[in-house]
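# Observations on the three-dimensional arrangement
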Amino acid sequence: MPKEEMLAMLLAGGKGTRLGVLTKNIAKPAVPFGAEYRLIDFPLSNCTNSGITTVGVLTQYKPLVLNSYIGSGSSWDLDRHNGGVTVLPPYVKEGGGSWYKGTADAIYQNIEFIDIYDPEYVLILSGDHIYKMDYAEMLNYHKTKNADVSIGVLEVPWEETHRFGIMNTNEDQKIIEFQEKPENAKNNLASMGIYIFNWEYLRKYLIEEAEENDDSAGDFGHNIIPKMMADNLNFYAYTFKGYWKDVGTIESYWQAHMDLLGEKPILDLQDRNWIIYSVNPNRPPQYLSEDAEVDNSMINKGTQIMGTVKNSVLFFGVKVAQDAVVEDSVILPNTRIRSGAKIKNSIVGRNVIVEKNSKIGLETDDKKSNELKITVIGDDEVIPEASNIKAGMVVG
Amino acid sequence: MMTPIYKKGGANMNNVMAIINNALDESFLDKLTGHRSLASVPFGARYRLIDFPLSNMVNSGITNVGLLLQTKYRSLMDHIGFGKAWDLDRKRNGLFILPPAHIYQANRAYKGDLQNFASNIDYIKRSNQEYVIIGSPNVVANIDYRDAFKYHIENDNDITIIYRQLEVFRRDTTYTVINTDDNDRIIDMKVNPKKNFYKKISLQRYIMKKELLLDIIDECISKGEWDFVKNAIIGNLNNLKVYGYPFRSYAAVINSINGYYKSNLELLKPNVWQDLFLKNGPIYTKPKDEAPTGYKNGVNARNILAANGCSIKGEVKNSVLFRGVKVHPGAVIKNSIIMQKSEIGENAYLENVILDKGVQITADKSLKGDTNLPMIIAKNTIV
């Protein structure tokens, strides 16, 4: 097998607990996003666009949908003679097997896979972040700085620093300290969960950690990185300037969809210089009827719009009947919204049927609070005729 | 997920191969075929004409498809590739590109499409299916060939032709018409007649035994006859059992500019696009990974079919928009067909217009064709 300069390991085993019913049957990286995609399309497409052709995808939680989605990898041009995409679930070895304990343990258990390609560098990615990033530029930076480890960071508002892992750097961008979710942050550079390691070092630390520390959580943030820092390895922060979103919660998932709308969307998916690839379901063109009223929305193929759609994102196969109204909402694939139904500030799952004259997310019991409450309907639900689902409720 | 619908029917379609005859005169489409063959003419917001017969064949369980080429096939080759989009990139069978006739006979005049069959006779002989369906790309329909094939076997026909009984006979286009007796036996057939029409038209799908096709090709060519429909089919109406199989769902024959224009706009009728897109399996096409379409603030879009990758700010009515079309604020588009990557500037006005790919209409321009004579703007034109 020819040597690869850098291969990517994509951590896709996460459950995404805070997304609730949206991850009931699927791993977080398989969650649909942006009318057409799943979360994992972003890191996979970034790899393709960055010229990385060997990608290991580490799966664990409910991998079925994700496995069949990735398939041969041809959707991302990752069906290659050498490398390409390989799905790596936990497996049984001579001495028994175990689940991936943590992010670093997942890499540790696949050292054999990485060794096949004998890379100089390993890029560690998360399967559940939305962003467009050129990893080749980050690798150049890593080489220029002569770093042992580079961590992708982005500037976050100071008031949010307590939610992130914060990197304290010197004027040369060298990381001198790492604070996990600090009360009083000294810097506002947050880790994006993207790392480039020199494989030689990473390999050594992973083996040491596994062999010497039985109780290890096998986690990059808790085990491997602090140990490497203590040993004075060269850590550098690579500052990313573009759009990046961790859609870890219902609110951020909804907000990330709203970021796709507007005159000049903050996240432009129509950029043909950085295509986000997907499995691209084959559907007929979208149909807007004589009575359709569509404004400020993103709509995928295979949809039929006979009603009103405003400030919303509609996945493929969605049908909005006459006199139905969808506002400020995200409607996942193949969901039917029957006539007279009204939906606002909601996320409606796949294959849902919203029967006639139902109301979802329109009314609230809590009259005092002005806080935005997102209503969530889980996959395959049937919302009976004339139901009234109050704002902030979760069905499913 | 693709539904293998061919497993439901009784007919054994493993024993049927298909040939798509793209060695046809396409000049009637004027500028639209200035640089492309009939099979790759864009249709229905995200397809090309070949997608329809090709998808129908695949959905009917046919896995061996030969594609006869004659001229201007670069865009077609680009579109088809190895047939992956139709699940035809196979180790056994799959998609076969059958190159033009003249490459074997340099400097000889082209005589007709039977020459293309003859030049590729080895492919036909070598295929191990017993039956063949021959189709042409200029008929847009969603046909399940299994039903027609079953009829072909059960009725013990020599040749079965799929036809459609027209309700409206359009005078702005031409048809291959047939006349049948009460049992659907074809007693007369004419190509593009100027008068004495019949209301039944051939949908240009012909089913026969492969051995019969080989015999007919040999027979015709040895007599100096080179036209598949006129010689191979019509020439045999009296000596063979040639029967018609009625197809009752939507079908459009693209034989004129106006027919092309009207058939595209006809897709806006829900019953038509439901017939075409939602029955008998999906229509496959080459995926382009376009992002979903963005409808911006203040857009007014009604009665349209749109592909992905569009960005629409103006007013669009009764129109078909292909991939990546940009409509700027204040622009008005009515009864028009706008192909891939065309851009309509601010306050421009388009009515009854066909824009080929990559056309740029600058701000404030106004173009108007007639309902019965659409204005065509050639590929990559800047107006």
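Quantities reported herein were computed from a predicted structural model and do not represent experimental measurements.

Moving on, we get to the layout of surface pockets. Residues and elements named next belong to chain A. In this structure, the second largest pocket spans a volume of roughly 1600 Å³. Residue lining of the second largest pocket: 50 residues in total, with Arg18, Ser126, Asp128, His129 and Asp246 positioned closest to the centre. For the lining of the second largest pocket, the elements supplying multiple residues, two or more each, are helix H3 (103-108), strand S8 (121-126), strand S10 (149-155), strand S11 (165-169), strand S12 (175-180), strand S13 (189-198), helix H7 (220-230) and strand S15 (244-246). When its residues are assigned to classes, the lining of the second largest pocket shows 20 nonpolar, 18 polar and 12 charged.

The 11 strands are arranged S33(A)-S30(A)-S27(A)-S24(A)-S21(A)-S18(A)-S14(B)-S16(B)-S18(B)-S21(B)-S24(B) in an open sheet whose pairing can be described as mixed. Where the open sheet ends on each side, the last strands, each with one partner, are strand S33 (394-395) of chain A together with strand S24 (360-361) of chain B. Looking at chain direction, strand S21 (residues 343-344) of chain B and S24(B) are connected through 2 bridges and run parallel. By the bridge assignment for S24(B), B:Ile344 is matched with B:Ile361. Along the sheet, helix H8 (residues 250-258) of chain A contacts strand S21 (313-314), strand S24 (330-331), strand S27 (346-348) and strand S30 (375-377) of chain A; its crossing angle with S27(A), the most-contacted strand, is approximately 90°.

With that settled, the discussion passes to helix H9 (residues 270-278) of chain B. Of the residues making up H9(B), those classed as buried are B:Val272, B:Trp273, B:Asp275, B:Leu276 and B:Phe277. Those residues of H9(B) that are buried lie in contact with strand S16 (286-288) and strand S19 (304-305) of chain A together with strand S3 (47-48), helix H1 (51-59), strand S7 (139-141) and helix H8 (257-266) of chain B. Positive phi appears at B:Asn280, one or two residues downstream of H9(B), with a value of about 55°.

With that out of the way, let us pick up the sheet that holds strand S23 (residues 325-327) of chain A. Residues and elements named next belong to chain A. Read across the sheet, 6 strands follow the order S17-S20-S23-S26-S29-S32 without closing on themselves; strand pairing throughout is parallel. The two strands at the open ends of the sheet, each matched to only one other strand, are strand S17 (293-295) and strand S32 (388-389). Note: S23 against strand S26 (residues 342-344), 3 bridges, orientation parallel. Within S26, the position partnered with Glu327 by the bridge is Lys344.

The next thing to look at is the UniProt feature "domain: Nucleotidyl transferase" (unreviewed entry) in chain A. Residues given the UniProt feature "domain: Nucleotidyl transferase" (unreviewed entry) here are residues 8-261 of chain A. As annotated, residues 8-261 of chain A comprises 29% helix and 26% strand, and the C-alpha atoms at either end are separated by 31 Å.

It is worth spelling out the pairing of strand S10 (residues 186-191) of chain B at this point. For strand S9 (residues 176-180) of chain B and S10(B), the ladder comprises 5 bridges, and the chain directions are antiparallel. By the bridge assignment, B:Val177 is partnered in S10(B) with B:Lys190.

On to the pairing of strand S4 (residues 54-58) of chain A. All names here are of chain A. Of all 5 residues that make up S4, 5 are buried, and the element is covered over most of its length. The pairing of strand S1 (residues 6-11) with S4 spans 4 bridges and is classified as parallel. Residue pairing for S4: Ala8 is matched across the bridge by Val55. Note: S4 against strand S5 (residues 84-88), 5 bridges, orientation parallel.

Next up on the list: the pattern of salt bridges. One pass over the full model with this rule turns up 28 salt bridges over all chains. By sharing partners, the salt bridges in this structure join A:Lys28, A:Asp128 and A:Asp246 into a single network.

Turning our eyes to something else, we now look at helix H5 (residues 135-144) of chain A. Residue and element names in this part refer to chain A. When we look at burial in H5, the residues that qualify are Tyr135, Met138, Leu139, Tyr141 and His142. In a view along the axis of H5, the buried residues occupy a sector of 160°, so they form one face of it. For H5, the side-chain oxygen to backbone nitrogen distance between the N-cap and Ala136 is 2.9 Å, and the N-cap itself is Asp134. Asn146, located one to two residues past H5, shows a positive phi value of around 55°.

With that out of the way, let us pick up unusual backbone geometry. All names here are of chain A. In this structure, Asn357 takes a positive phi of about 60° despite not being glycine. Inspection of the secondary structure puts Asn357 in the loop between strand S28 (353-354) and strand S29 (359-360). Classification of Asn357 by relative accessible area gives partly exposed; the value is 43%.

Right, let's get into the domain arrangement of chain A. All names here are of chain A. What the domain assignment reports for chain A is domain 1 (4-257) and domain 2 (285-387). A C-alpha centroid distance of 34 Å is found between domain 1 and domain 2. Every contact between the two is made by 14 residues of domain 1 and, on the other side, 19 residues of domain 2. For the pair domain 1 and domain 2, the two sides together bury roughly 1500 Å², of which 70% comes from carbon and sulfur. Put simply, domain 1 and domain 2 have 0 salt bridges between them. Where domain 1 meets domain 2, there are 3 residue pairs in polar contact (both at pLDDT 80 or more).

The partner chain A presents 37 residues to the 42 residues of chain B that form the contact. Approximately 3100 Å² of surface area, both sides summed, lies buried where chain B meets chain A, with 43% of it carried by carbon and sulfur atoms. Considering only the side of chain B, the residues that lose the most area to chain A are B:Asp289, B:Pro292 and B:Tyr295, jointly responsible for 22% of the buried surface there. Our count for the contact surface shared by chain B and chain A stands at 2 salt bridges. As a salt-bridge pair, B:Lys313 and A:Glu263 come within 3.4 Å of each other at their nearest N and O atoms. The interface formed by chain B and chain A holds 26 residue pairs in polar contact (both at pLDDT 80 or more) in total. The residue makeup of the side of chain B that touches chain A, split by class, is 21 nonpolar, 12 polar and 9 charged. Where strand S18 (residues 297-299) of chain A and strand S14 (residues 293-295) of chain B come together, 3 bridges link them in antiparallel fashion. When the sheet's bridge partners are listed, A:Ile299 is paired in S14(B) with B:Thr293.

The next point concerns empty space enclosed by the protein. Under the counting rule described, the total for this entry stands at 1 cavity of 30 Å³ or more. Estimated volume of the largest cavity: approximately 50 Å³. In terms of lining residues, the largest cavity is bounded by A:Asn280, A:Lys301, B:Arg46, B:Lys288, B:Asp289, B:Glu290, B:Asn308 and B:Arg323.

About the cut-offs
- Residues numbered from 1 in each chain as written.
- Chains lettered and ligands numbered in written order.
- Predicted model: local features only at pLDDT ≥ 70, side-chain atom pairs only at ≥ 80, totals over all residues.
- Heavy atoms only, no water.
- 1 Å grid on protein atoms, 1.4 Å probe; cavity = no way out; pocket = protein on both sides within 12 Å on 5 of 7 lines; lining within 4 Å.
- Points joined across faces, edges and corners; volume = space filled by probe spheres on them.
- Helix = DSSP H or I, 4+ residues; strand = E, 2+ residues; numbered from the N terminus.
- Nonpolar A, V, L, I, M, F, W, Y, C, P; charged D, E, K, R; others polar.
- Pairing = 2+ DSSP bridges.
- Contact = heavy atoms within 4.5 Å.
- Axes fitted to C-alpha atoms, helices over the stretch in contact; angles between N-to-C directions.
- Buried < 20%, exposed > 50% of the residue type's maximum accessible area, 1.4 Å probe, protein only.
- UniProt positions renumbered as here; feature names shortened; annotations may be inferred.
- Salt bridge = Lys/Arg side-chain N within 4 Å of Asp/Glu carboxyl O.
- Arc of directions from axis to C-beta.
- Polar contact = N/O pair within 3.5 Å; in protein donor to acceptor, adjacent residues only side chain to side chain.
- Domains from an automatic or database assignment.
- Buried area = accessible area lost by both parts, 1.4 Å probe.

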